[in-house]
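Descriptive analysis of the structure
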Amino acid sequence: ASSVQLGQRLLAMGFFGLLAAIVAAFLFAEYLTSPIKQLSATAYKISRGQFGAKTGINRNDELGTLAESFDTMVDQLRDNIHGLNTRVAERTRELSDSNQQLLEAVSSLKYAKSELTASETRQRLILDALPAQVAYLDAQGRYVFVNREYAEMFGRHKSELVGKVTEEVMPARMYEETLPFIRQALRGEKVMYEYSAEVNGKAMVTRRTLLPFYGEQRQTVEGVLNLSIDITNERETEERL
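On a predicted model such as this, the values are computed, not experimentally measured, just so you know. (Residues numbered from 1 in each chain as written. Predicted model: local features only at pLDDT ≥ 70, side-chain atom pairs only at ≥ 80, totals over all residues. Heavy atoms only, no water.)

Let's talk about the overall build of the protein
Of regular secondary structure, the protein possesses seven helices and five strands. Starting at the N terminus, the α and β elements of the protein follow one another as α-α-β-β-α-α-α-α-β-β-β-α. Here the C-alpha atoms of the protein give a radius of gyration of 50 Å, more than 25% beyond the 18 Å that 2.2 N^0.38 yields for 241 residues. Projected onto its principal axes, the C-alpha positions of the protein cover 175 × 35 × 30 Å. Buried positions account for 27% of the 241 residues belonging to the protein. In the protein, the share of contacts with a sequence separation of at least 24, taken over all contacts with a separation of at least 6, comes to 37%. Accessible area for the protein stands at about 17300 Å²; split by element, carbon and sulfur atoms hold 57% of it. Here the protein contributes 29 positively and 32 negatively charged side chains, and the mean placements of these two sets differ by 6 Å. (Helix = DSSP H or I, 4+ residues; strand = E, 2+ residues; numbered from the N terminus. Rg over C-alpha atoms; globule rule 2.2 N^0.38 Å. Buried < 20%, exposed > 50% of the residue type's maximum accessible area, 1.4 Å probe, protein only. Contact = heavy atoms within 4.5 Å. Areas by Shrake-Rupley, 256 points an atom, 1.4 Å probe, with all protein chains shown as cover. Lys, Arg positive; Asp, Glu negative; His and termini not counted. Charge placed at Lys NZ, Arg CZ, Asp CG, Glu CD.)

Below is the structure:
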């Protein structure tokens, strides 16, 4: 009976000892895995944008060091993101200001272009209304602009003359007699002369002025401005007198 009782006691002691070992192992495993779970939960919060999350682990072992390093890394990441957001906001504001300035510049350019177009239209109307023949030739003797009076002298429309050289527009005799005066103006001299020609079957006498047109530096002549006035009636009156 004593042996049986002793065996039961030993068996009970062994069972409680095993149970205590299991509990101790569970607590030890929980002690080891709890910080890892906290780290995992904190990492999940951070991945969702909660950069203020902390592990809350304060231990003097390797897991404590890992948790402290993790929290420090998160703090640095939060500071870097904050700084990046600040720079992005500043850059966005600068781009917005630049975009506004660009829009204002484009608007101003459109307005200036519209005003320039209107000014050119007014000038062309005025030049077409003048009782004079006006033409502008570049340095190669090519027509850049002519008014209506000048084009009608050759029986053509203005668009037919622009872009052509004088040799293609003027009759051969007129071209040969006018070319020396054009060359003289291209050398920088103001030229005035009278020229007689037959226009639409009628004799016409014109007083012509050739003005050299200088570039921005006023060192080279870029073209010649021709101003011609019909003085046929004046000459006929002089002859009658």
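Looking at the packing of aromatic side chains
Applying the stated criterion across every chain yields a total of five aromatic pairs. The interplanar angle of 80° and the centroid separation of 5.5 Å between the aromatic rings of Tyr136 and Phe213 together place this pair among those described as edge-to-face. With Tyr136 in strand β1 (residues 133-138) and Phe213 in strand β4 (residues 202-214), the pair connects residues that are 77 residues apart, well separated along the chain. The class of Tyr136 is buried, set by a relative accessible area of 16%. The partly exposed category is assigned to Phe213, whose relative accessible area is 44%. Relative to Phe154, the ring of Tyr150 has its centre 5.4 Å away and its plane inclined at 55°; by these criteria the two rings are tilted. The residues Tyr150 and Phe154 share a single accessibility class, namely buried. Grouped by ring-pair contacts, the aromatic residues Tyr143, Tyr150 and Phe154 constitute a single cluster. (Phe/Tyr/Trp six-rings, centres within 6.5 Å; stacked < 30°, edge-to-face > 60°.)

Some points on the sheet that holds β1
Sheet architecture is open: five strands sit in the order β2-β1-β5-β4-β3, paired in antiparallel fashion. Two strands bound the open sheet, and with one partner strand each, they are β2 (143-146) and β3 (191-199). Across the sheet, the axes of successive neighbouring strands diverge by a mean angle of 25°, strand direction being ignored. Note: β1 against strand β5 (residues 221-230), six bridges, orientation antiparallel. Bridging from a neighbouring strand, Tyr136 pairs with Leu225 of β5. Against the sheet, helix α6 (residues 172-186) engages β1, β3, β4 and β5, with an angle of about 160° to β3. (Pairing = 2+ DSSP bridges. Axes fitted to C-alpha atoms, helices over the stretch in contact; angles between N-to-C directions.)

Describing the pairing of β3
Alternating residues of β3 divide into Val191, Tyr193, Tyr195, Ala197 and Val199, all buried, and Met192, Glu194, Ser196 and Glu198, none buried. Bridging between β3 and β4 involves nine bridges; their strand directions are antiparallel. By the bridge assignment for β4, Val191 is matched with Leu210. In textbook terms, the turn of a hairpin is the stretch between consecutive antiparallel strands, and for β3 and β4 this stretch comprises two residues, one of which, Asn200, has a positive phi near 55°.

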